[in-house]
Amino acid sequence: MPDSAVIATSSNTNRSLPVLGVSHLDKNFSMGERATQALHDVNLSINKGEFVCLIGASGCGKSTLLRILAGFETASSGVVNMYGMPITGPGPERGMVFQDFALFPWLSVRENIAFGPHQRSLPKAKLDKISGYYMDMVGLTKFADFYPGQLSGGMKQRVAIARVLANDCEVLLMDEPFGALDALTREKLQQDLLEIWERTKLTIFVTHAVEEAVLLSDRVVVMTAGPGQIEEDVKLTLDRPRDIVGVEFNHVRRDITRMLSSHVSMKAAT
């Protein structure tokens with residue numbers, strides 16, 4: 001594995017603390033004279049190496065919460081920490097993967113993956129080592145010199161994931177990363193993501209549909225329909241690999257689906 005990059009956290013970081021901690025978080029948006037509350041009193045703790053899926057109805061604030069954890073948005077009130085240190089902006093230790101890939105179209109696969117390390121002025125030999133390692137991890141070594149416009153949607157998403165990993169991130173934040181992909185590509189990338197998690201033991205926090213959440217995660221965090229709050233934190237004990245047609249799998253899936261349906265019904269009634 002490539003030498004570790006410098007993580008932009010304090011040398012006094014206490015790594016016995018949760019990797020991510022959210023306490024009494026509120027987020028309000030103002031649109032002219034109108035104010036909207038996206039998140040209300042969100043409390044959440046995620047430990048190192050956990051695979052956590054965040055689910056909820058459309059508009060419940062999932063993406064907003066991820067953007068706050070990534071440092072792209074600020075909370076209106078409350079505390080947001082990484083290892084007990086306040087998150088005050090973006091940092092390479094928290095990598096974000098979007099549904100739309102967000103690759104640089106003028107850079108090759110190799111160059112996209114090496115972009116972050118290149119900004120740290122690492123020598124070419126080190127850049128080649130890093131990009132080669134992560135291209136191999138996501139199965140794109142043969143496409144090193146291809147450009148994003150020459151890749152399928154699934155391949156683009158692999159590049160996006162590898163680019164984040166090349167920054168030596170500790171937390172991988174993913175906002176509906178497979179939502180725009182066809183069913184077969186999505187299924188393959190789900191398995192790829194599990195393999196990456198098993199190899200790296202990254203902390204992964206991702207928004208997903210119910211079936212994907214039950215398939216992938218250690219915990220499924222269920223948000224209310226809005227303003228977003230953490231309603232349930234479901235710890236999964238299903239063995240891996242998981243069988244999506246299995247009785248126990250579908251029992252868990254139905255229970256979580258009922259939670260979401262009840263939230264939507266209550267919201268509609270108000």
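On a predicted model such as this, the values are computed, not experimentally measured, just so you know.

**What to know about the environment of Ala35**
Next, step 1: Assignment of secondary structure puts Ala35 in strand S2 (residues 34-46).
Next, step 2: Look past the residues within four positions of Ala35 in its chain and what remains in contact with it is Phe29 and Ser30.

**Remarks on the side chain of Glu212**
Next, step 1: Within the secondary structure, Glu212 sits in helix H7 (residues 210-216).
Next, step 2: Taking the relative accessible area as the measure of exposure, Glu212 reaches 10% and is therefore buried.
Next, step 3: Residues contacting Glu212, with those up to four places away along its chain left out, are Phe178, Arg186 and Gln190.

**Details of the sheet that holds strand S10 (residues 230-235)**
Next, step 1: One open sheet accounts for six strands, arranged S6-S7-S8-S3-S9-S10; its pairing is mixed. Each of the sheet's edge strands pairs with one partner strand only, and the pair in question is strand S6 (94-97) and S10. If you compare each strand with its neighbour and ignore which way they point, the axes differ by 15 degrees on average.
Next, step 2: For strand S3 (residues 51-55) and strand S8 (residues 203-207), the ladder comprises four bridges, and the chain directions are parallel. Note that in S8 the partner of Leu54 across the bridge is Thr207.

**Focus on the pattern of salt bridges**
Close approach of charged atoms allows side chains with opposite charge to pair.
Next, step 1: Applying the stated criterion across every chain yields a total of 13 salt bridges.
Next, step 2: Measuring nitrogen to oxygen at the nearest pair gives 3.4 Å for the salt bridge that ties Glu212 to Arg186. Here Glu212 is found in helix H7, whereas its partner Arg186 is found in helix H6 (residues 183-200), with 26 residues between them in sequence.
Next, step 3: Ionic pairing is found between Lys188 and Asp192, a salt bridge with its closest N-O pair at 2.6 Å. Taken as a pair, Lys188 and Asp192 lie in helix H6 at a separation of four residues, close to a single helical turn.

**Considering the nonpolar core**
Next, step 1: In this structure, Phe51 and Ile204 are the most contacted members of the largest nonpolar core, which totals 51 residues.
Next, step 2: Here this core gets seven residues from one element, more than from any other, and that element is helix H5 (residues 153-165).
Next, step 3: In contact with Phe51, not counting residues within four places along its chain, are Leu193, Leu194, Trp197, Ile204, Val206, Leu216, Ser217, Asp218 and Arg219.

**Things to note about the sheet that holds strand S5 (residues 85-86)**
Next, step 1: Within the open sheet, the four strands sit side by side as S2-S1-S4-S5. Their pairing is antiparallel. The two strands at the open ends of the sheet, each matched to only one other strand, are S2 and S5.
Next, step 2: Where strand S1 (residues 20-31) and S2 come together, nine bridges link them in antiparallel fashion. When the bridges of S2 are listed, Phe29 appears paired with Thr36.
Next, step 3: Seen against the sheet, helix H1 (residues 62-70) touches S1, S2 and strand S4 (77-82) and runs at an angle of roughly 115 degrees to S1.

**As for empty space enclosed by the protein**
To find leftover empty space, a probe the size of one water molecule is rolled over the atoms.
Next, step 1: Across all of its chains, the model carries two cavities of 30 Å³ or more by this definition.
Next, step 2: The computed volume of the second largest cavity comes to approximately 30 Å³.
Next, step 3: Taken together, Val138, Arg158, Ile161, Leu189, Asp192 and Ile196 form the lining of the second largest cavity.
Next, step 4: Considering every element that reaches the lining of the second largest cavity, the biggest residue donor is H6, with three residues.

**Overview of the layout of surface pockets**
Next, step 1: As a volume, the largest pocket reaches approximately 360 Å³.
Next, step 2: Taken together, 19 residues make up the lining of the largest pocket; nearest its centre are Gly95, Met96, Arg163, Val164 and Asn167.
Next, step 3: Mapped by element, the contributors of at least two residues to the lining of the largest pocket are S6, helix H3 (115-119) and H5.
Next, step 4: Among the elements that line the lining of the largest pocket, the one with the most residues is S6, at four residues.
Next, step 5: Tallied by class, residues from the lining of the largest pocket come to 13 nonpolar, four polar and two charged.
Next, step 6: Approximately 220 Å³ is the volume attributed to the second largest pocket.
Next, step 7: Lining the second largest pocket are Ala183, Arg186, Glu187, Gln190, Gln191, Ala209, Glu211, Glu212, Leu215 and Ile244.
Next, step 8: Those elements that place two or more of their residues in the lining of the second largest pocket are H6 and H7.
Next, step 9: For the lining of the second largest pocket, a count of residues per class yields four nonpolar, two polar and four charged.

Reading the values: rules and limits
- Residues numbered from 1 in each chain as written.
- Predicted model: local features only at pLDDT ≥ 70, side-chain atom pairs only at ≥ 80, totals over all residues.
- Heavy atoms only, no water.
- Helix = DSSP H or I, 4+ residues; strand = E, 2+ residues; numbered from the N terminus.
- Contact = heavy atoms within 4.5 Å.
- Buried < 20%, exposed > 50% of the residue type's maximum accessible area, 1.4 Å probe, protein only.
- Pairing = 2+ DSSP bridges.
- Axes fitted to C-alpha atoms, helices over the stretch in contact; angles between N-to-C directions.
- Salt bridge = Lys/Arg side-chain N within 4 Å of Asp/Glu carboxyl O.
- Core = buried A, V, L, I, M, F, W, Y, C linked by side-chain atoms within 4.5 Å.
- 1 Å grid on protein atoms, 1.4 Å probe; cavity = no way out; pocket = protein on both sides within 12 Å on 5 of 7 lines; lining within 4 Å.
- Points joined across faces, edges and corners; volume = space filled by probe spheres on them.
- Nonpolar A, V, L, I, M, F, W, Y, C, P; charged D, E, K, R; others polar.

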